Amino acid sequence: MSDAFLRAKAEAENTRRRAEEEMTKARKFAIEGFVESLLSVCDSLNAAIAIEKATPEQLLEGMYAILRQLMQALERNKVVVIAPPAGTKFDPHRHQAISVVPAEQDANTVVAVLQMGYLIADRVLRPALVTVAAPK
C-alpha cells in the first residue's frame, strides 16, 4: 500500500511538473504567431524605404497598402478596431470622450472619432477618443 501511494504521489508530481513546463512554453511562445504576422509588414516598410526616387503618390499608395497589411495582421490575431460612426450612442466602456460639442444630433452620441480604439477578444486595449454631442 505504501509503495502504491508513493508511485501515485510521484505520478501526480510528474503531471504537475509537465503542466508547469507546458504553461511556461505557452507563455514564452504565445505571441509568436502575432509577431510572425507582422514580419510581412516590416518587410514592406523596408522595401518602401529602399525606393530612392518614389513620388509622393507612390509613397502614399504604398502607405495605404502597408496599412491594409497591418490591419489584416491585427484582424487575424483577433484585434478589432473601435471606430463608432457619428450618431452612435456614447459607450464609456469603449469610448473616451475628449470633449462635448454642440451638434445637430441626439445628446450623448458620438460626433467624431479623433483616434480609433482597439479590442482584443472583447477586451478594450485602447478606447476610441471621441467628441460627444452636448445636451440641447
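Right, let's walk through the structure included here. (Residues numbered from 1 in each chain as written. Predicted model: local features only at pLDDT ≥ 70, side-chain atom pairs only at ≥ 80, totals over all residues. Heavy atoms only, no water.)

Before going further, it helps to examine the overall build of the chain. In terms of helices and strands, the chain carries 3 helices and 6 strands. Secondary structure elements of the chain, listed N to C terminal, follow the sequence α-α-α-β-β-β-β-β-β. Relative to the 2.2 N^0.38 estimate, which gives 14 Å for 136 residues, the radius of gyration of the chain is 25 Å and therefore markedly larger than a compact globule would have. Judged by the C-alpha coordinates and their principal axes, the chain covers about 80 × 55 × 15 Å. Counting every position in the chain, which comprises 136 residues, the buried fraction comes to 17%. Considering only contacts in the chain between residues 6 or more positions apart, those separated by 24 or more positions represent 62%. The centroid of the 17 positive side-chain charges in the chain is displaced by 5 Å from the centroid of its 17 negative side-chain charges. (Helix = DSSP H or I, 4+ residues; strand = E, 2+ residues; numbered from the N terminus. Rg over C-alpha atoms; globule rule 2.2 N^0.38 Å. Buried < 20%, exposed > 50% of the residue type's maximum accessible area, 1.4 Å probe, protein only. Contact = heavy atoms within 4.5 Å. Lys, Arg positive; Asp, Glu negative; His and termini not counted. Charge placed at Lys NZ, Arg CZ, Asp CG, Glu CD.)

We now examine the nonpolar core. Counting 6 residues, the largest nonpolar core consists of I82, V110, L119, A128, V130 and V132. Sorting elements by how many residues they give to this core places strand β6 (residues 128-133) first, with 3 residues. In this view, V110 contacts P84, P85, A86, G87, T88, H95, Q105, V130 and T131; residues no more than four positions away in its chain are not counted. (Core = buried A, V, L, I, M, F, W, Y, C linked by side-chain atoms within 4.5 Å.)

In this fold, E36 is placed in helix α2 (residues 32-50). The spacing of E36 and I49 is 13 residues in sequence and 21 Å in space, taken between C-alpha atoms.

This part is about the packing of α2 against helix α3 (residues 56-76). It is at 9 Å that the axes of α2 and α3 come closest, and there the two elements cross at 175 degrees. With respect to α3, the element α2 is oriented roughly antiparallel. In contact with F34, S37, L38, S40, V41, S44, L45 and A48 of α2, α3 contributes I66, Q69, L70, A73, L74 and R76. When its residues are assigned to classes, the contact of α2 with α3 shows 9 nonpolar, 4 polar and 1 charged. (Axes fitted to C-alpha atoms, helices over the stretch in contact; angles between N-to-C directions. Parallel < 35°, antiparallel > 145°, perpendicular 65-115°, else oblique. Nonpolar A, V, L, I, M, F, W, Y, C, P; charged D, E, K, R; others polar.)

A sheet is described by the order of its strands in space; here 3 strands give the open sequence β2-β6-β3, paired in mixed fashion. This sheet does not close on itself; its edge strands, each paired only once, are β2 (95-101) and β3 (110-115). Sheet twist, expressed as the mean angle between neighbouring strand axes with direction ignored, is 30 degrees. Bridge count for β3 against β6 is 4 bridges, and the pairing is antiparallel. Paired with A112 across the two strands is T131, which belongs to β6. (Pairing = 2+ DSSP bridges.)

Overall, the coordinates contain 5 salt bridges when judged by the stated rule. Across the pair R7 and D3 runs a salt bridge whose closest N-O atoms are separated by 2.4 Å. Here R7 and its partner D3 are both found in helix α1 (residues 2-29), 4 residues apart, which amounts to about one turn of the helix. What emerges from the salt-bridge pattern is a single network uniting E13, R16 and E20. (Salt bridge = Lys/Arg side-chain N within 4 Å of Asp/Glu carboxyl O.)

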